Amino acid sequence: MKVQLEHPADEIKRLQRCVNDVVSLLALPAMWSGSKPCDIVPTLLDSLLRMLDLDFVYVSLTNLVGAALSETVRVAQSQEQLFRPRELCTFLSRWLDPQKCYLPERSHIGDEEVSLVSWPLGVQREIGVIVAGSRRADFPRDTEALLLSIAANQALTGLQQARRLTEQKRVADELDQSVAQRTAELAAANEVLREEVAERRRAEEALAASEHSLRLIVDSIPGLVSLLTPAGEVELVNPQLVEYCGRTLEELRLWGTSDTVHTEDLPRVVQLVARSITSGSPYDFETRVRRFDGVYRWFQVRGLPVRDASGRILRWCSLLTDIDERKRAEDALKRSEAFLAEGQRLSRTGSFSWRVATGEITWSEELYRIFEFDRAVPVTLELISTRVHPEDIPLLNDMIDRARGNGSDFEYEHRLQMSNHSVKYLHMVGRGIRDRQGRLVYIGAAQDVTERRLSEETLGKVRSELAHVARVTSLGALTASMAHEVNQPLSGIITNASTCLRMLTLDPPNVDGARETARRTIRDGNRASDVITRLRALFSKKDTIAERVDLNDATREVIALSLSELQRNRVILRCELAEDLPLVTGDRVQLQQVILNLLRNGSDAMNAVHDRPRELLIRTARDEDDRALLSVKDAGIGFDPQSMDKLFQAFYTTKNDGMGIGLSVSRFIIEQHDGRLWATLNDGPGATFSFSIPCTTNT
Amino acid sequence: MNSGQEKIAGGYPLVAVVDDDESVRESLPDLLREFGFATHSFSCAEQFLTCDRLVQTGCLILDVAMPGMTGFDLQRELKLRGHSIPIIFISAHKDEVVRRRAFQQGAVEFLFKPFSDTALLQALNTALRVR
């Protein structure tokens, strides 16, 4: 290395320049005040590069534990090609090593030989290290060294300060942050508190408002209202209550001991209210309350507790409703119901309603009793049919179908069969009405007429027996009188004839006597003949009415008369009456007697029939010869074809109690009408008795 | 005719006929006379009771059915009065019950009209034998 001597003037300049630089360097910390290390270092390096003739300058900062924090390198502009920053950093970073000394040295960086000088930042490089380098051989000159060391010091100062500041700042920041956090927390808490307060205020306002409206309501309810404290004391009464009782609030407070509540009801009321106050459950009772004029009326008293959000009772709200009218009506209703029930029981009549569309059926108690069903059992048509007598089920079904169909009133009588097989007779009447929706509802009554029926039947039996006996007696009487009437002259005849014979056998014969007896005999013979004529006249009235008779009408009348008797014998009567039946001329009553006789015979013939319906068919028709034909067909026991002729003989009967008059008389009557009466056996069981009469000829 | 003729008592018993029927009252006495009896006839029971030859009556032929006092009434009445005249009932009405009753009351015979003369004679003989 060549040492060149400087000109003193140049040296002075140089030294002056150096002093200036020193001053600048000394000013650096002031400049750096408040800056961060990352700002200080570039400034430093830039200053150094400017001040000194360096190729590059490098700073490496460490953190508090000595590890590299940052590396900064500045390369002089002119040397940028030669020295790449990364290479430099890699090379220069070894200066962080505490073993590395700081003496200047020459090294090779890449292809270049450089002089390097370094200074620690901090006594033990706790801040970092600074390294400057140049290719000049004389680097560093003394001034450069000075400047560099001053710069290093200043950098140290600045960096230390910066570090302190940073620390301070960090602490300050942390403090700020925690303060801010705390402030935020407090602010939030404050918000919450404010909100709570606001809400409470709102709640209070709402409560106040509801209290107000409650009072308004209480006062305007058209009922008697009183508000009680949770302990059960009267707190408030509405004007209506005051008006009704004619008492003040103070007086009403003493209701537990005054006459406001009827003395008979008071103990019970006090007990009920007390029980509710303690238990918290509502009370509901009826009591009499004194009106201002002293009259007691029935009230329904209902008390409800009013609770707050937590379930605590705030007050009791008591409403009194005047039920006096209702109570009176209820009592009257109970009485009338009792009357009705008793009446139903006495008359054995039950009432029912039947909603046809839904099949809903309601019964009164008596009807349950009649049918012997439990009151709890729901009534349906199926249930009812289990009690109907098996033979009458078709009747029931027919009734139901009719009722469903046309909604007209009905009246039926049929039998019931109880579980013990006893039989009851039920007479039912029903009326169809339309409800508000226009649906068909039957309301009606059913009466147990068993007793009446039985007595009727007995009566009927007795009557028919009587009638029979009367018939028999009268016929007997008729026969007797017939016999009597005829036997008298007959007897006379025989007696006279006997006398005659005796007189003629005398010696000499008593001819005069015989003549007399003979005369008497003739007379008696005539008498007998008269009797017969008279008897015949009995059958056909003396003045026989010859009128136009409609056999259909006559038949219908006979049917009407004998219907109950036929029904009692369980005979099913069918009619086929011809519409074009011609009129006949004759005695209506006599012809009806014949029809009645045939009907009775047909019915009697089926008395022993149990395995088939007892059908009796009456038919009228126009005969081929334009005659009116009437026939009665039964399903009975028929008759023996061999004894067909005997049927119409007088006194012939197959009936145990029969007189055998009927058919012979009937035939007689028909023959009087120029008609014919005959009998035929059916293809099936039974026989058919018919008569035909010529019709009225239009003359 | 000897309608009023009577055989005097002393062998010919007196037979009374009580019947409301005229032909009987006509014919029967004649037959009786042919039989050889004395007779008297009455149209009603009351008449017989008041007749003066009641006690002498040997037999009574009595109709059952009569208006007023019936045959049975007369039978009872005679018994009450202590008369024991045998009675032959005659009746136009054939009723076994009545017949039985008549016998129960003590009748000798009960004939249904019309009856034959032999039947009547038989009855009369029975009645008079009883007496």
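Residues numbered from 1 in each chain as written. Chains lettered and ligands numbered in written order. Predicted model: local features only at pLDDT ≥ 70, side-chain atom pairs only at ≥ 80, totals over all residues. Heavy atoms only, no water.

A. Region of interest: the interface of chain A and chain B. Listed as interface residues are 23 residues of chain A and, on the opposing side, 21 residues of chain B. When the two sides are added together, the surface that chain A and chain B hide from each other amounts to roughly 1900 Å², 54% of it contributed by carbon and sulfur. On the chain A side of the interface with chain B, the three residues burying the most area are Gln488, Thr495 and Arg502 of chain A, jointly 28% of the side's total. Counting across the interface, chain A meets chain B through four salt bridges. Here Arg520 of chain A ties to Asp30 of chain B by a salt bridge, and the two come within 2.7 Å at their closest N and O atoms. Joining chain A to chain B, the criterion identifies six residue pairs in polar contact (both at pLDDT 80 or more). Residue assignment for the side of chain A that touches chain B shows that the elements contributing at least two residues are helix 12 (450-505) and helix 13 (511-539) of chain A. With 15 residues, helix 12 of chain A is the largest single contributor of residues to the side of chain A that touches chain B. (Contact = heavy atoms within 4.5 Å. Buried area = accessible area lost by both parts, 1.4 Å probe. Salt bridge = Lys/Arg side-chain N within 4 Å of Asp/Glu carboxyl O. Polar contact = N/O pair within 3.5 Å; in protein donor to acceptor, adjacent residues only side chain to side chain. Helix = DSSP H or I, 4+ residues; strand = E, 2+ residues; numbered from the N terminus.)

B. Here's a closer look at the environment of Ala38 of chain B. All names here are of chain B. Locating Ala38 in the fold gives a position in strand 2 (residues 38-42). Note on Ala38: relative accessible area 3%, which makes it buried. Distance from Ala38 to Val15, taken between C-alpha atoms, is 6.0 Å for residues 23 residues apart in sequence. (Buried < 20%, exposed > 50% of the residue type's maximum accessible area, 1.4 Å probe, protein only.)

C. Geometry of the pattern of salt bridges. Applying the stated criterion to the full structure yields 55 salt bridges over all chains. The shortest N-O distance in the salt bridge between Glu77 of chain B and Arg81 of chain B comes to 3.0 Å. Residue classification places Arg81 of chain B among the partly exposed positions, given a relative accessible area of 45%. One network of salt bridges, with partners in common, ties together Arg297, Asp322, Asp324, Glu325 and Arg328 of chain A.

D. Broad picture of empty space enclosed by the protein. Residues and elements named next belong to chain A. In total, this model carries three cavities of 30 Å³ or more according to the counting rule given. The computed volume of the largest cavity comes to approximately 270 Å³. Every residue lining the largest cavity is counted, 19 residues in all, and those nearest its centre are Ser226, Trp255, Val261, Ser318 and Leu320. Mapped onto the lining of the largest cavity, the elements with two or more residues apiece are strand 6 (224-228), strand 7 (234-237), helix 5 (239-245), helix 7 (266-279), strand 8 (283-290) and strand 10 (313-322). Here the lining of the largest cavity gets four residues from one element, more than from any other, and that element is strand 8. Broken down by class, the residue content of the lining of the largest cavity amounts to 15 nonpolar, four polar and no charged. Counted as a void, the second largest cavity has a volume near 200 Å³. Around the second largest cavity, the lining comprises 16 residues; the ones closest to its centre are Phe352, Leu381, Ile384, Met399 and Met428. At the level of secondary structure, the elements contributing two or more residues to the lining of the second largest cavity comprise strand 11 (349-355), strand 12 (360-363), helix 9 (365-371), helix 10 (381-385), helix 11 (393-406), strand 13 (410-417) and strand 14 (423-434). Broken down by element, the residue count for the lining of the second largest cavity peaks at three residues, all from helix 11. Split by residue class, the lining of the second largest cavity holds 15 nonpolar, one polar and no charged. (1 Å grid on protein atoms, 1.4 Å probe; cavity = no way out; pocket = protein on both sides within 12 Å on 5 of 7 lines; lining within 4 Å. Points joined across faces, edges and corners; volume = space filled by probe spheres on them. Nonpolar A, V, L, I, M, F, W, Y, C, P; charged D, E, K, R; others polar.)

E. Region of interest: the packing of helix 1 (residues 8-32) of chain A against helix 2 (residues 37-51) of chain A. Residue and element names in this part refer to chain A. Put simply, helix 1 and helix 2 touch, their axes get as near as 11 Å, and they point 170 degrees apart. As far as their axial angle goes, helix 2 and helix 1 are roughly antiparallel. Contacts between helix 1 and helix 2 involve Asp21, Ser24, Leu25, Leu28, Met31 and Trp32 from the first element and Ile40, Thr43, Leu44, Ser47 and Met51 from the second. Split by residue class, the contact of helix 1 with helix 2 holds seven nonpolar, three polar and one charged. (Axes fitted to C-alpha atoms, helices over the stretch in contact; angles between N-to-C directions. Parallel < 35°, antiparallel > 145°, perpendicular 65-115°, else oblique.)

F. How the structure looks around the sheet that holds strand 20 (residues 627-633) of chain A. All names here are of chain A. Spatially, five strands are ordered 17-19-20-22-21 in an open sheet, and the strand pairing comes out mixed. Of all strands in the sheet, those with a lone pairing partner are strand 17 (571-577) and strand 21 (676-681), marking the two edges. The sheet shows a mean angle of 15 degrees between the axes of neighbouring strands, direction not considered. Packing against the sheet, helix 14 (residues 551-568) makes contact with strand 17, strand 19 (614-622), strand 20 and strand 22 (687-694), and its axis sits at approximately 170 degrees to strand 17. Sheet strands touched by helix 15 (residues 588-605): strand 17, strand 19, strand 20, strand 21 and strand 22. Its angle to strand 22, the strand with the most contacts, is close to 170 degrees. (Pairing = 2+ DSSP bridges.)

G. Inspection of the nonpolar core at higher detail. All names here are of chain A. In terms of nonpolar packing, the biggest core is built from 37 residues, with Leu551, Leu598, Leu616, Phe689 and Phe691 touching the most fellow members. Taken together, the elements giving at least two residues each to this core come down to helix 14, strand 17, helix 15, strand 19, strand 20, helix 17 (662-672), strand 21 and strand 22. Beyond its immediate sequence surroundings of up to four residues, Phe689 is in contact with Leu598, Leu630, Ser631, Val632, Leu647, Phe648, Leu663, Trp678 and Ala679. Leu52, Ile127, Leu148 and Ala152 belong to the second largest nonpolar core, which has 34 residues in total. (Core = buried A, V, L, I, M, F, W, Y, C linked by side-chain atoms within 4.5 Å.)

H. Molecular detail of unusual backbone geometry. Put simply, Asp507 of chain A and Pro508 of chain A share a cis peptide bond, and its omega is 5 degrees. Along the chain, Pro508 of chain A turns up in the loop between helix 12 and helix 13. Between Lys113 of chain B and Pro114 of chain B the backbone carries a cis peptide bond, its omega angle lying at -10 degrees. Mapping Pro114 of chain B onto the fold places it in the loop between strand 5 (109-112) and helix 5 (117-130). In this structure, Asp626 of chain A is a non-glycine residue whose phi angle is positive, near 65 degrees. Structurally, the position occupied by Asp626 of chain A is in the loop between strand 19 and strand 20. You can call Asp626 of chain A partly exposed: its relative accessible area is 34%. Phi is positive for Asp674 of chain A, close to 65 degrees, though the residue is something other than glycine. In this structure, Asp674 of chain A sits in the loop between helix 17 and strand 21.

I. Seen up close, helix 11 of chain A. Residues and elements named next belong to chain A. Compared with an ideal rise of 1.5 Å per residue, which puts 14 residues at 20 Å, helix 11 spans 20 Å between its outermost C-alpha atoms and is within 8% of the ideal. Of all the positions in helix 11, only Leu396, Met399, Ile400 and Ala403 are classed as buried. Viewed end-on, helix 11 has its buried residues packed into an arc of 100 degrees, placing them on one side of the element. Every exposed residue of helix 11 that faces more than 90 degrees away from the buried side is listed here: Pro394, Asp401 and Gly405. Packing partners of the buried residues in helix 11 comprise strand 11, helix 10, strand 13, strand 14 and strand 15 (440-448). At the C-terminal side of helix 11, Gly407 shows a positive phi close to 65 degrees. (Expected span 1.5 Å × (residues − 1). Arc of directions from axis to C-beta.)

J. Seen up close, the side chain of His40 of chain B. Residue and element names in this part refer to chain B. Along the chain, His40 falls in strand 2. Within polar-contact distance, the side chain of His40 engages the side chain of Thr57 at 3.5 Å. When residues no more than four places from it in sequence are discounted, the contact partners of His40 are Leu14, Val15, Ala16, Val17, Phe48, Cys51, Arg53 and Thr57.

These figures capture arrangement, not role.
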